[in-house]
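What the coordinates show
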Amino acid sequence: MSWIFSLSAECGTEQTAAEQFSRYFDRVSWILSNKNQSQCHTGIFQDIEDNWWCRVSPSGISEVGIDTPETAYIMTEIGILLYQHLRFAPNFRYALVGLEVDEFRTYSELIEETSLQSFPGLVLAETIWQEIGSPPTFRSFSSGYVWQPYQGEVYQPLMVSSDLKNKLNELLSVG
């Protein structure tokens, strides 16, 4: 199974908004601290509520999840670069960087969400932030946007090692 690390942005009901967002990120590239180049590729799609999304997928990154501390570091570095570029992006309603963040919440799910604290890195248009009651965990991101600061990606050995999982399960079955 492939795990996709990306920036996903919900751009609202107009396809042209997602297309503009896509053009802004398409082919943007960076040289990373490990001297590798990462280039962004984009795609747009509609969710079940007919809202338009743009997925920004950087190249040269693991597709099996965060399987080493080094992978977590590089994904975090790319995540920061994506957020830096996002600060000047064309209009969107909300966005998030991470693993498997496509359609992490539809618009109506986001509005009904009781705890957005489980989404570090979530960027909201100020109008949406106000609509959900202006939670104090958000701070200024850029003109017209607020966010919960990004915390980076984390290597969790128990998530990727079946050997470690088996050893833990043995330990848990004692007693």
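Residues numbered from 1 in each chain as written. Predicted model: local features only at pLDDT ≥ 70, side-chain atom pairs only at ≥ 80, totals over all residues. Heavy atoms only, no water.

1. Focus: the pairing of strand β3 (residues 37–46)
Selection criterion: Note: two strands are recorded as paired if DSSP finds a minimum of 2 bridges between them. Segments assigned H or I by DSSP are reported as helices when at least four residues long, segments assigned E as strands when at least two residues long, and all are numbered from the N terminus.
Bridge count between strand β2 (residues 29–31) and β3: three bridges; the pairing is antiparallel. Looking across to β3, one finds that I31 is bridged to Q37. Counted between consecutive antiparallel strands, the loop separating β2 from β3 contains five residues, among which K35 sits at a positive phi close to 75°. Between β3 and strand β4 (residues 52–58), which follow one another and run antiparallel, lie five residues, and D50 among them has a positive phi close to 65°.

2. What to know about the pairing of β4
Cut-off, in case you're wondering: Accessible area is worked out with a 1.4 Å probe on protein chains only. A residue is then buried under 20% of its type maximum, exposed over 50%, and partly exposed in between.
Judged by how many residues are buried, β4 sits mostly within the fold: six of seven residues are covered. Sheet analysis places strand β1 (residues 5–12) next to β4, joined by five bridges and oriented antiparallel. Across the sheet, the residue bridging to G12 is W52, located in β4. Bridge count between β3 and β4: seven bridges; the pairing is antiparallel. Within β4, the position partnered with H41 by the bridge is S57.

3. Some thoughts on the side chain of E153
Heads up, the condition is: Just so you know, the count uses Lys and Arg for positive and Asp and Glu for negative, and it drops His and the chain ends. Take a side-chain nitrogen of Lys or Arg and a carboxyl oxygen of Asp or Glu: if they are within 4 Å of each other, that pair is a salt bridge. Residues adjacent in sequence count toward polar contacts only when both atoms are side-chain atoms; beyond that, a polar contact is any pair of N or O atoms within 3.5 Å, and within protein one must be able to donate a hydrogen and the other to accept it. Should any heavy atoms of two residues lie within 4.5 Å, those residues are considered in contact.
Along the polypeptide, E153 turns up in the loop between β8 (145–147) and α5 (157–160). R55 provides the closest opposite charge to the buried, salt-bridge-free E153, at an N-O distance of 15 Å. At a separation of 2.7 Å, a polar atom in the side chain of E153 contacts the side chain of Y150. Contacts of E153, omitting those with residues within four sequence positions, involve F5, I66, A72, M75, T76, V97, G98 and L99.

4. Re the environment of E100
Mapped onto the fold, E100 is located in the loop between β5 (94–99) and α3 (107–112). Along the sequence, E100 and F5 sit 95 residues apart, while their C-alpha atoms lie 6.2 Å from each other. Polar side-chain contacts of E100 include one of 2.6 Å to the backbone nitrogen of I4.

5. Side note on the sheet that holds β5
The line we're drawing: Every axis in this analysis is a line fitted to C-alpha atoms, fitted for helices over the stretch in contact. Angles between the N-to-C directions lie between 0 and 180 degrees.
Reading across the sheet, the eight strands line up as β2-β3-β4-β1-β5-β6-β8-β7 and stay open at both edges, with antiparallel pairing between neighbours. The sheet is open, and its two edges are formed by β2 and β7 (139–142), each paired on a single side. Strand-to-strand twist in this sheet, taken as the mean axis angle between neighbours without regard to direction, amounts to 25°. Its contacts with the sheet put helix α1 (residues 15–25) on β1, β3 and β4, and the angle it makes with β4 is roughly 15°.

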